[in-house]
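The residues making up each chain are set out below.
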Amino acid sequence: MQSSSIRRRTGLAALALTLLLGGPALAQDKVRFQTDWIPSGEHAMYYGAWSKGIYAKHGIDITITRGYGSGDTVTKVAAGAADFGVADIAAVMTARARTNVPIKTIAVLYNESPHSLFVLKSSGITNFKGLEGKKIGITPGNSHRFYFPEVAKKAGTDPNKLIWTNMDGAAMAAQLIAKNIDAAPFYSIHYYYINKAAVKAGQEILPLPFVEVGFKIYAASLITTDKMIQDKPDLVTRFLAATKEAFEWAAANPEEACKLHVVRFPEVELDDCMGSVKAVMKFVFNDHTKEFGWGKESPDRLKFSWETIATANELKPEFDYKTAIDTSKVAK
C-alpha cells in the first residue's frame, strides 16, 4: 500500500513538473526563419535564443537558416521557402512598389542605418568620391546598392562610375582584404571582426558610413507575407514577442548569447561575436526605442525612409508605402 502511495505521489509530481515546463512540450508551430546574412555575431540573439529555448517558450519550433542578402530573403519568404525573415526595409518597399510582392515589414529592428562601405586604408580611398572607377562587391538585392545613388549624390560622387561586382556575401571580406575588390558593403557593426581579420593580413579597414552624409533611415526589419499576417495572426504575435525577448536577453547577456552562438558556429570567435552584439544594440535600443517602442516606427522617419528609398531606386513617389509595413502585432 505504501509503495502504491509513493508511486502515485511520484506520478503526480512528474505530471506537475511536466505541466510546469509544459510550454515547449506542447504542440508547437514549426517556423522557418531566414536571416539576411552569414551567421556572424550580428545574429547571435536569434541563434542563442533558439538554443536557450526562448522561441520554444512561445510555442515555436524554430529552424533558422542564413541569408544571402535582403533581396534573397524577401524572395524566399515571398515564395514560401521561409515563414519569417530579416531584410532591409528598402528591399521590402522596393519589391512591394515595383511588383506588388505580398511581403510586409512586421517590426523595425535597426531604427538607424548602419550601412557603410568598407575599404582598406592602404587603398588611399578616404571618401565616397574616391570610389569612382573602383570595383565594389555586392550581393543581388543588397540594400547598400539601393541606397548608394542617393548617398553618392549627397557626397558629390558619380554613381555611374562605380563598378559593381556580384559575389557571395561570405566571400566579400576576404576578397576585400586580398585586394580583389576595392570596397565591400557592410553594416558598420561588422567592423570589429572584419578589421581583426584584416590586421592579421597586414591591412586595416576604413569604414565609410552612409550616415556621414545625412543618412538616418530604417534598415533591418522582420518580414513575413500578407497571408501569414491574415491567416496566422497569433503566430505572428508570438514570433515577434519571442524575438523581442531574444534581443532584450542578448542585450543584457551578450556573453551568454555569444557562447551559445559559437557552439553552433565555431568559426565565429567569442570576442568577435560580443563586439557585434554590443554594436547591434546601439541601433536597436536608443532614444527612438524609448519614444516609440521596440519594433515600432516613427511616422516621420518612415516617411523620410520611403522618400530616400524611392529617390534612390526611381520608384513612383505616389506609391502608398504604408502598405509595406504592419507593426500592429508587436506587443506594446
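Residues numbered from 1 in each chain as written. Predicted model: local features only at pLDDT ≥ 70, side-chain atom pairs only at ≥ 80, totals over all residues. Heavy atoms only, no water.

A look at the overall build of the chain
Here is the rule: Secondary structure elements follow DSSP: runs of H or I of four or more residues count as helices, runs of E of two or more count as strands, with numbering from the N terminus. Radius of gyration: C-alpha atoms only; globule rule: 2.2 Å multiplied by the number of residues to the exponent 0.38. Relative accessible area decides the class of each residue, using a 1.4 Å probe on protein chains only: under 20% of the type maximum gives buried, over 50% gives exposed, and in between gives partly exposed. Residues are treated as being in contact if the distance between any of their heavy atoms lies within 4.5 Å. Using a 1.4 Å probe, the Shrake-Rupley method yields the accessible areas, and only the shown protein chains count as cover for residues. The charged-residue count follows a simple rule in which Lys and Arg add positive charge and Asp and Glu add negative charge, with His and chain termini not counted at all. Charged side chains are reduced to one point each, which is NZ for Lys, CZ for Arg, CG for Asp and CD for Glu.
When helices and strands are counted, the chain shows 15 helices and ten strands. Its C-alpha atoms give the chain a radius of gyration of 22 Å, within 12% of the compact-globule value 20 Å for 332 residues. Its C-alpha atoms give the chain principal-axis dimensions of roughly 90 × 50 × 35 Å. Evaluated residue by residue, the chain yields a buried proportion of 52% over its 332 residues. Intrachain contacts of the chain at a sequence separation of at least 6 include 80% that bridge at least 24 residues. Summed over all atoms, the accessible surface of the chain reaches about 14,900 Å², with 55% contributed by carbon and sulfur. Separation of charge centres in the chain, based on 40 positive and 35 negative side chains, amounts to 4 Å.

Some words on the packing of helix H9 (residues 191-200) against helix H13 (residues 270-284)
How two helices pack is summed up by the angle between their axes together with the distance between the axes. The cut-off we apply is this: For helices, the axis comes from a line fit to the C-alpha atoms of the stretch in contact; other axes are also lines fit to C-alpha atoms, and the angle between any two N-to-C directions lies between 0 and 180 degrees. Any angle that falls under 35 degrees is termed roughly parallel, while one over 145 is termed roughly antiparallel, one within 65 to 115 roughly perpendicular, and all others oblique. Under the grouping applied here, Gly and all other residues not named as nonpolar or charged are polar, the nonpolar ones being Ala, Val, Leu, Ile, Met, Phe, Trp, Tyr, Cys and Pro and the charged ones Asp, Glu, Lys and Arg.
Look at H9 against H13: their axes get within 7 Å of each other, and the N-to-C directions meet at 140°. When the axes of H9 and H13 are compared, the pair comes out oblique. Residues Tyr192, Tyr193 and Lys196 of H9 touch H13, and the partners they reach there are Asp271, Asp272 and Ser276. Split into classes, the residues belonging to the contact of H9 with H13 amount to two nonpolar, one polar and three charged.

Here we look at the side chain of Thr225
One can find Thr225 in strand E10 (residues 220-225). Other than its neighbours up to four places away in sequence, Thr225 contacts Val77, Ala78, Pro102 and Ile103.

Some points on the state of the cysteines
Which entries qualify depends on this criterion: We call a pair of cysteine sulfur atoms a disulfide whenever their separation is within 2.5 Å.
One pass over the full model with this rule turns up one disulfide. Between the sulfur atoms of Cys258 and its disulfide mate Cys273 the distance is 2.2 Å. Every disulfide takes its handedness from the sign of the S-S torsion; for Cys258 and Cys273 that torsion is -85°, giving left-handed. Placement of Cys258 in helix H12 (residues 254-264) and of Cys273 in helix H13 is noted, with a sequence separation of 15 residues between them. Residues Cys258 and Cys273 agree in their burial class; the two are buried.

Some remarks on helix H15 (residues 299-313)
Stated formally: Multiplying 1.5 Å by the residue count of a helix minus one yields the expected span of that helix.
A rise of 1.5 Å per residue sets the reference length of H15, with its 15 residues, at 21 Å; its end C-alpha atoms lie 21 Å apart and thus fit the reference within 8%. Along H15, the positions that sit buried rather than exposed are Arg301, Leu302, Ser305, Trp306, Thr308, Ile309, Ala310, Ala312 and Asn313.

Treat this as a map of the structure, not an account of what it does.
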